[in-house]
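Architecture and fold: a report
This is what each chain is made of:
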Amino acid sequence: MFKEMRKSNRELTESHGITILEQGEYGILSTLGENGYCYGVPLSYVYHDNAIYFHGALEGNKVDNLLLNNKISFTVVGKTEVLPGSFSTKYESVIAFGKAIEIHEEEKIQGLKELILKYSKDFLESGMEYIKRASDKTKVFKIEIDKISAKGRTN
């Protein structure tokens, strides 16, 4: 189903890929649109309980594409360092492949709470109040991961 990594000497373990997901600030969600074009959108996310959670508007390209086809890829770039004299770069990255499903009720609230814990942990109480006021104005999705592929150059 998934091709082998071309530069297998750069392949990182799945656990290293999960670490990149846990530590990343943002990721790129890639979907397929009805026009046949790929659509990559940067977004805030959280990795929690072996899944990736993100939120967004009630409508738009992202939602339309996920309704059309919920198979996605999600990319996070971790640490990087340009090596000018070597014409290269040290890097680490991960791509998660899976299916994005909209979540509701308790799971939706938990997903939003996990986002607050990641990005605004010192404001949990006011964040939970914000969720109560605004959760009906946002969709929350969970990516059920089928495969994680991590790659890096460390020297």
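Residue indices follow the written sequence of each chain, beginning from 1 at its first position. Under the rules for a predicted model, residues below a pLDDT of 70 receive no local features and side-chain atom pairs below 80 are neither given nor counted, while totals for whole chains, interfaces and linings still include all residues. To obtain the side-chain values, all non-hydrogen atoms of the structure were included, while hydrogens and water were left out.

Some points on the pairing of strand S8 (residues 139–153)
Strands are treated as partners if at least two bridges between them are detected by DSSP. To qualify as a helix, a DSSP run of H or I must reach at least 4 residues; to qualify as a strand, a run of E must reach at least 2; elements of each kind are numbered from the N terminus. In terms of strand pairing, strand S1 (residues 11–12) meets S8 through two bridges, oriented antiparallel. Along S8, the bridge assignment pairs Glu 11 with Lys 151. Here strand S7 (residues 88–103) runs beside S8; their pairing, made up of 13 bridges, is antiparallel. Across the sheet, the residue bridging to Ser 93 is Lys 151, located in S8.

Some points on helix H4 (residues 124–134)
Exposure is judged per residue with a 1.4 Å probe applied to protein chains only, and the accessible area is read against the type maximum: over 50% gives exposed, under 20% gives buried, and values in between give partly exposed. Those residues of H4 lying buried are Gly 127, Ile 131 and Ala 134. Down the axis of H4, the buried set is contained in an arc of 90 degrees. They therefore lie on one face. Residues of H4 that are exposed and point over 90 degrees away from its buried face: Glu 125, Lys 132 and Arg 133. By the convention used here, residues are in contact when the closest approach between their heavy atoms is within 4.5 Å. Packing partners of the buried residues in H4 comprise helix H3 (105–119). Here, the arc refers to the directions that run from the helix axis to the C-beta atoms.

Observations concerning the packing of aromatic side chains
For Phe, Tyr and Trp, rings pair up if their centres lie within 6.5 Å, where Trp contributes its six-membered ring, and each pair is then called stacked (planes under 30 degrees apart), edge-to-face (over 60) or tilted (otherwise). Tallied over the full model, the rule gives two aromatic pairs. Note on Tyr 45 and Phe 74: the rings are 5.0 Å apart at their centroids and 70 degrees apart in plane angle, and the pair reads as edge-to-face. Residue Tyr 45 is found in the loop between strand S3 (38–43) and strand S4 (46–48), and its partner Phe 74 is found in strand S6 (residues 71–83); the two are separated by 29 residues along the sequence. Here Tyr 45 and Phe 74 have matching classes, each one buried. A centroid spacing of 5.3 Å and a plane angle of 15 degrees characterise the contact between Phe 54 and Phe 141, whose relative ring orientation is stacked.

That is the geometry; function is a separate question.
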